[in-house]
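# Analysis of the macromolecular model
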Amino acid sequence: MSSSTRVHTTDHAAEPDRSPFPLGATPTSSGTRFAVHAPQCDRLQVCLIDEDGHEDRVDLPDRTFGIWHGTVPDVGPGRRYGYRAYGPWRPRDGLRTNPHKILLDPWGRQVMGTDLRTSSADAARLLAYDDDPFGSMSTVDSLGYTPLSVVTAGTPFDATRHRKPRTPWENTVIYELHVGSFTATHPGVPTALRGTYLGLAHPAVISHLVHLGVTAVELLPVHAFVTEPPVRSRGMRNHWGYSTASFFAPHPGYAATPGNEIAEFRTMVAALHDAGIEVILDVVFNHTCEWSVAGPSLSWRGLDAPGYYLLDDDGHDIDLTGCGNTVDSTSPIAVRMVCDSLRYWTTQMGVDGFRFDLASALGRPGGGAFDARAALFTAITTDPVLTECKLIAEPWDATAEGYQLGRFGVQWSEWNDRYRDATRRFWARNSGVREIASRLTGSEDLYRRHERQPWMSVNYVTAHDGFTVADAVSFSHKHNDANGEEGRDGSDHNESVNHGVEGPTDDPAIIAARARHVRALLATLLLSTGTPMLLAGDEFGHSQGGNNNAYCVPAGTPVSEAWPLDWEHADHQHIEFVRSLLELRRKVPVLRQRRFFEGRARTVGYPDLVWFGSEGIELQDSDWHDDGRHTLQAWLDGSELGTVTPAGIPLPDSSGLFVLHAGDATAVTLAGPEWYHGDIRCVFDSSARGGRPVDSAVYRVGSSFSLTGPTVLVFRTAN
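Residues numbered from 1 in each chain as written. Predicted model: local features only at pLDDT ≥ 70, side-chain atom pairs only at ≥ 80, totals over all residues. Heavy atoms only, no water.

## Overview of the overall build of the chain
Helix and strand counts for the chain come out as 16 helices and 30 strands. Relative to its length of 719 residues, the chain is compact, with a C-alpha radius of gyration of 27 Å against a globular reference of 27 Å. On the principal axes, the C-alpha backbone points of the chain span a range of 90 × 55 × 50 Å. Going through the 719 residues of the chain one by one, you find that 60% of them count as buried. Nonlocal contacts in the chain, meaning residues at least 24 apart in sequence, comprise 73% of its contacts between residues at least 6 apart. (Helix = DSSP H or I, 4+ residues; strand = E, 2+ residues; numbered from the N terminus. Rg over C-alpha atoms; globule rule 2.2 N^0.38 Å. Buried < 20%, exposed > 50% of the residue type's maximum accessible area, 1.4 Å probe, protein only. Contact = heavy atoms within 4.5 Å.)

Laid out in structure tokens, this is it:
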């Protein structure tokens, strides 16, 4: 149907108002107030779409600070709308104003129609140009083929009834999950709720998280998203969600009842909070779903491309993200959009923190060198609301210059990929003990000890983009054919092993070796100083069949088949193993240090950390450079801890010995510092399936202790 047959003659006329703020659609007592940033436009229409798809176009009468605004009477919550922008078409200057394209409100709180059609003809309707991105303007109308915004009522999150847990960083254990995949086949969740926000709020799910002992869930993107053009052209759809269509709207595909996603998201947050679990969102502010200048015109590019995107002198995108475009985080409107979004999700949706995808791209003014004091970072860390949130950076982008691990500001925690790689290398016997020692104790070599703290290192051995832990010990290389990119996607550097057979096997010796390897990896992760992050499904052996980049599925794939977690074959004994590790972490304050170890004498007269080799002898400089060493012992002293109770009272703790052995069966001499001559007792043994020590007898420091292979041991002083 052509746009001319869709357009109604309307009696609506927008009334002028005095202020351009707030941006977006705000219901009032008489109608709805609309405000949209479009400084290059000569005319801006809000387009009201009825249930039959007919359109009423209403001119916004006022322009202040480059923002068009006005109140449309008798329009309330639930009305679908978009914008049409009139103005210059000068692609070489970055100006791509095209009134034939209906545009999403960048501040819209709800979005409908994110499942874009995959045919090339339908996709072409979303393009603002004819044949060449720098050629003539398209006159094909996009209404009926593009997502629309929805006017929503401003009902705040009930913070009085559901108080945020506010878990201290040093007590935090993060659990990364995908809202759709997590409950897609969960047997305890009703079929109608699987793969939804309400599925994640179900008591069967909450019970699992509480039983496990995690304190926060980190959700893969839940901002409304659409599939990017290259993926859509292959007949696939984006599964992870790193292709944002709205930074304010929850993704409608995760709603059990269509159109109810805002209320259902809040219900999910409240249920998790009631269980003491925080909610952290993975947010993708570094790029949008519009891809490059050759991509669709859905929102930002049609309103103010030079204001929202990094462009070069010829109007091309500067791509630091590998996703076609980069948001210009020094632009005032982009800074306002990001901060308004973060505050909205915090104050109106109840969220506790944010993990910033490809965060380095947000700190490179003009696409140049990284600056930890860049405009957006400064705005976030000086905002009185956002400073109360957990802030996590993924400290890299898609370029070599973007790798900035350890260089973010003092209020940021960071994903530590060097922890992942060092831990995998050590347990694969591809390294000595030098780097793993630093990673175990908070990565002080990466973070400035006098400004930052150990919990700022978010430690992980697996994450959504990579192998699961079961696959990391079962596949020596990726198997990504299902993604339709002929194996080009996903990392080729995985620090993985297969124990003699690539993929599944029924060989009991290989199965046992893999399980032992997994237990060593997870024990290292969950007992290290820093903030541990566990990938959902790793606690029960979930596999993706060797796919290390499960970001897409064929279009039309049902939720139950879109990379679902395999609850049916969950290893419940392994769940108990992980639970016991997190219980040990909670009970032993020395594992949750708020400050870096000194490694030298303190006021008590002796160090808080001493390193030993398999012989029970303190390591010397040359030992650290011996890559043939695969055994490391660490004596941690429990006095003068920096760990405190919520009331600020210092927590006392006893001392202990930690043993990591990545080699074959052998005997080690249990180490102890020269000032300790007492006994120790094993309280954890990763070689046992449940972690319960086979030998819990009392041992004198200096005694020989037999190991049957790769093992993590925890000893505590017997008194």
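## Focus on the nonpolar core
Among the nonpolar cores identified, the biggest contains 122 residues, and Y175, F182, L219, F265, L281 and F356 are the most heavily contacted of them. Look past the residues within four positions of F356 in its chain and what remains in contact with it is V283, F285, L342, L362, I380, L391, I392, A393, E394 and W412. With 20 residues, the next largest nonpolar core counts A14, C41, L44 and V151 among its residues. (Core = buried A, V, L, I, M, F, W, Y, C linked by side-chain atoms within 4.5 Å.)

## Considerations on the sheet that holds strand β7 (residues 67-73)
In spatial order, the strands read β2-β3-β7-β6; together these four strands make up an open sheet with antiparallel pairing. Single-partner strands in this sheet number two, and they are β2 (24-27) and β6 (62-64). Between one strand and the next, the sheet's axes are offset by a mean angle of 20°, whatever the strand orientation. Across four bridges, β2 lies against strand β3 (residues 31-37) in antiparallel orientation. In the strand pairing of β3, G24 is matched with A35. (Pairing = 2+ DSSP bridges. Axes fitted to C-alpha atoms, helices over the stretch in contact; angles between N-to-C directions.)

## Examining helix α8 (residues 300-308)
Of all nine residues making up α8, eight are buried, and the element is well covered by its neighbours. Considering only its buried residues, α8 is in contact with β3, β4 (43-49), β8 (80-86), β10 (95-96) and α9 (332-347).

## What to know about the packing of aromatic side chains
Scanning the entire structure with this criterion turns up 36 aromatic pairs. Note on Y197 and F265: the rings are 5.4 Å apart at their centroids and 80° apart in plane angle, and the pair reads as edge-to-face. Placement of the pair is Y197 in helix α4 (residues 197-200) and F265 in helix α7 (residues 261-274), with a sequence separation of 68 residues. Both residues of the pair, Y197 and F265, count as buried. With a centroid separation of 5.0 Å and 50° between ring planes, the pair formed by F370 and F408 is classed as tilted. Within this pair, whereas F370 is found in the loop between β17 (353-356) and α10 (375-381), its partner F408 is found in the loop between β18 (390-393) and β19 (413-416), the two being separated by 38 residues in sequence. Here the two residues F370 and F408 agree in accessibility, since each one is buried. One cation-aromatic arrangement involves R109 over Y344; the distance from NZ or CZ to the ring centre is 4.6 Å. The ring of W415 has R355 sitting right over it, with the charged end atom 3.9 Å from the ring centre. (Phe/Tyr/Trp six-rings, centres within 6.5 Å; stacked < 30°, edge-to-face > 60°. Lys NZ or Arg CZ within 6 Å of the ring centre and 35° of its normal.)

## As for the sheet that holds strand β14 (residues 216-219)
Overall, parallel pairing links the eight strands, which are arranged β13-β14-β16-β17-β18-β19-β20-β21 in a closed barrel. Taking the axes of each pair of neighbouring strands and ignoring which way they run, one obtains an average angle of 30° across the sheet. Pairing analysis gives three bridges linking β19 to strand β20 (residues 457-459), with the strands arranged parallel. If you follow N416 over to β20, its bridge partner there is N459.

## Focus: unusual backbone geometry
Trans peptide bonds make up most of the peptide bonds, and negative phi angles are found at most residues other than glycine. The linkage connecting F21 with the following residue, P22, adopts the cis geometry, with an omega of 0°. In this fold, P22 is placed in the loop between β1 (7-8) and β2. Even without being glycine, W291 reaches a positive phi, approximately 60°. Residue position: W291 is located in the loop between β16 (278-283) and α8. Despite not being glycine, R429 shows a phi value in the positive range, around 65°. Following the sequence through the fold, R429 ends up in the loop between α11 (417-427) and α12 (434-440). With a relative accessible area of 36%, R429 lands in the partly exposed category.

## Observations regarding the packing of α8 against α9
Between α8 and α9, whose axes approach to 8 Å, the crossing angle comes to 110°. When the axis of α8 is compared with that of α9, the two are roughly perpendicular. Residues W300, D304, G307 and Y308 of α8 form the contact with α9, whose participating residues are I333, A334 and M337. Residues of the contact of α8 with α9, tallied by class, amount to five nonpolar, one polar and one charged. (Parallel < 35°, antiparallel > 145°, perpendicular 65-115°, else oblique. Nonpolar A, V, L, I, M, F, W, Y, C, P; charged D, E, K, R; others polar.)

## A few points about the environment of V698
Residue placement: V698 occurs in strand β28 (residues 698-700). Residues V698 and T717 lie 19 residues apart in sequence; the distance between their C-alpha atoms is 9.2 Å. The contact partners of V698, leaving out residues within four places of it in the chain, are D679, I680, R681 and A718.

## What about the pattern of salt bridges?
Across all of its chains, the model carries 38 salt bridges by this definition. With a shortest N-O distance of 2.9 Å, D679 and R700 are connected by a salt bridge. You can see D679 sitting in strand β27 (residues 679-685) and its partner R700 sitting in strand β28, a full 21 residues away along the chain. D679 gets classed as partly exposed once you look at its relative accessible area, which sits at 25%. Under the relative-accessibility criterion, R700 is labelled partly exposed at 44%. Linked through salt bridges whose partners overlap, the residues forming this network are R418, R425, E435, R439, D445 and E495. (Salt bridge = Lys/Arg side-chain N within 4 Å of Asp/Glu carboxyl O.)

## A closer look at the pairing of strand β29 (residues 704-707)
Along β29, the buried face is formed by F705 and L707; none of S704 and S706, which line the opposite face, is buried. With four bridges joining them, strand β26 (residues 666-669) and β29 adopt antiparallel strand pairing. Following the sheet pairing, V668 is matched in β29 by F705.

## A closer look at the environment of T399
Relative to the helices and strands, T399 resides in the loop between β18 and β19. With 77 residues separating them in the primary sequence, T399 and G322 have C-alpha atoms 8.3 Å apart. Those residues in contact with T399 that lie beyond four places of it in its chain are L320 and R364. Here the side chain of T399 touches D397 through a polar contact of 2.7 Å, side chain to side chain. (Polar contact = N/O pair within 3.5 Å; in protein donor to acceptor, adjacent residues only side chain to side chain.)

## A short note on the state of the cysteines
Tallied over the full model, the rule gives zero disulfides. Sulfur of C389: no disulfide; nearest cysteine sulfur belongs to C339 and is 11 Å away. Using a relative accessible area of 10% as the deciding quantity, one classes C389 as buried. (Disulfide = S-S within 2.5 Å.)

## A look at the packing of helix α14 (residues 508-527) against helix α15 (residues 572-587)
Axis angle and axis distance: for two packed helices, these are the angle between their axes and the distance between the axes, and together they describe the pair. Between α14 and α15, whose axes approach to 9 Å, the crossing angle comes to 25°. For the element pair α14 / α15, the angle class is roughly parallel. In this structure, α14 crosses over α15, and the sense of that crossing is right-handed. Between α14 and α15, the contacting residues are V518, R519, L522, A523, L526 and L527 on the first element and H574, F577, V578, L581, L582, L584 and R585 on the second. Looking at side-chain class alone, the contact of α14 with α15 contains 10 nonpolar, one polar and two charged residues. (Left-handed = near helix turned anticlockwise from the far one by under 90°.)

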